[in-house]
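Listed below are the residues making up each chain.
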Amino acid sequence: SEPRPPRALVVEADPSLRELFEVLLEGWELRVISTAVAPPAESVDLLIIDNEDLSPDSVPEIPSWLSAWQGRPPTIVFRPGASPKRLTPSTLALPKPFPVSLFLAFTELARASRTGEV
């Protein structure tokens, strides 16, 4: 049997960015939601969060529930005014607009870690 495609959960309210993620993550099984206030119940291989969509204050910090979520998948967090930075070994902060090559490199690492190729 063929292995399942990698799964990504995208937290993004902007429809144009949703479409962009569908293109950039071709071959991934995507679930896109507008907001999140707690860790997702389903298992995913990659989590993408636009922090501007999470709170009206648009604070440049990662959400507290994300920090407390043990065993979370590799995560990309878009933060206002951020420069690209690894926040933890499994969390990458990116500004918007974001460097596509860095985004794709991180998603490939997430895909490889899922299959044990890293």
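Right, let's walk through the structure included here. Model, not experiment: these values are computed from the prediction.

Observations concerning the overall build of the protein
When you go through the protein residue by residue, the secondary structure sums to three helices and six strands. For the protein, the sequential pattern of α-helices and β-strands runs β-α-β-β-α-β-β-β-α. Taken across its 118 residues, the protein has 41% of its residues classed as buried. Partitioning the intrachain contacts of the protein with sequence separation of at least 6 by distance along the chain shows that 48% fall at a separation of at least 24. Accessible surface, the protein as shown: approximately 6,500 Å² in total, 55% of it carbon and sulfur.

Quick notes on helix α1 (residues 15-24)
For α1, the complete set of buried residues consists of Leu-17, Phe-21 and Leu-24. For α1, the angular spread of the buried residues around the axis is 65 degrees, confining them to a single face. The outward face of α1, more than 90 degrees from its buried face, is lined by the exposed residues Pro-15, Glu-19 and Val-23.

Some points on the pattern of salt bridges
Following the criterion strictly, the structure yields five salt bridges and no others. The partner of Arg-4 in a salt bridge is Asp-45, with the nearest N and O atoms 2.9 Å apart. Taken together, the positions of Arg-4 in the segment before β1 (7-11) and Asp-45 in the loop between β2 (29-33) and β3 (46-50) put the pair 41 residues apart, joining distant regions of the chain. Given a relative accessible area of 11%, Asp-45 falls into the buried group. Of the charged contacts, one joins Asp-50 and Lys-96 as a salt bridge, the two residues approaching to 2.5 Å between their closest N and O atoms. Of the two residues, Asp-50 is situated in strand β3 and Lys-96 in the loop between β6 (91-94) and α3 (100-115); the sequence distance between them amounts to 46 residues.

Looking at the nonpolar core
One recurring pattern in soluble globular proteins: nonpolar side chains tend to sit buried together. Residues Phe-21, Leu-46, Ile-48, Phe-78 and Phe-103 are the most contacted members of the largest nonpolar core, which totals 17 residues. Of all elements in the fold, only β1, α1, β3, β4 (75-78), β6 and α3 reach the threshold of two or more residues within this core. For Leu-46, the residues in contact, after removing those within four places along its chain, are Arg-7, Ala-8, Leu-9, Leu-25, Trp-28, Pro-73, Pro-74, Phe-106, Thr-107 and Ala-110. Within the second largest apolar cluster, 11 residues are counted, among which are Ala-36, Leu-47, Ile-49 and Trp-69.

Comments concerning the pairing of β2
For a regular strand, side-chain orientation follows a simple rule: the groups alternate between the two sheet faces. Pairing between β1 and β2: five bridges, direction parallel. When the bridges of β2 are listed, Val-10 appears paired with Val-32. Each parallel crossover has a hand, and the one from β1 via α1 to β2 is right-handed.

Regarding the sheet that holds β6
Reading across from one edge, β2-β1-β3-β4-β6-β5 is the order of the six strands in this open sheet, with mixed pairing throughout. The sheet is open, and its two borders are formed by β2 and β5 (85-88), each paired with just one other strand. On average, each strand axis in the sheet is inclined to that of its neighbour by 20 degrees, with strand direction left out of account. For β3 and β4, the ladder comprises four bridges, and the chain directions are parallel. Of the residues in β4, the one forming a bridge with Ile-48 is Ile-76. Across the sheet, α1 is in contact with β1, β2, β3 and β4; its angle to β2 comes to roughly 170 degrees.

Conventions we followed
Residues numbered from 1 in each chain as written. Predicted model: local features only at pLDDT ≥ 70, side-chain atom pairs only at ≥ 80, totals over all residues. Heavy atoms only, no water. Helix = DSSP H or I, 4+ residues; strand = E, 2+ residues; numbered from the N terminus. Buried < 20%, exposed > 50% of the residue type's maximum accessible area, 1.4 Å probe, protein only. Contact = heavy atoms within 4.5 Å. Areas by Shrake-Rupley, 256 points an atom, 1.4 Å probe, with all protein chains shown as cover. Arc of directions from axis to C-beta. Salt bridge = Lys/Arg side-chain N within 4 Å of Asp/Glu carboxyl O. Core = buried A, V, L, I, M, F, W, Y, C linked by side-chain atoms within 4.5 Å. Pairing = 2+ DSSP bridges. Right-handed = clockwise from strand over helix to strand, strands pointing away. Axes fitted to C-alpha atoms, helices over the stretch in contact; angles between N-to-C directions.

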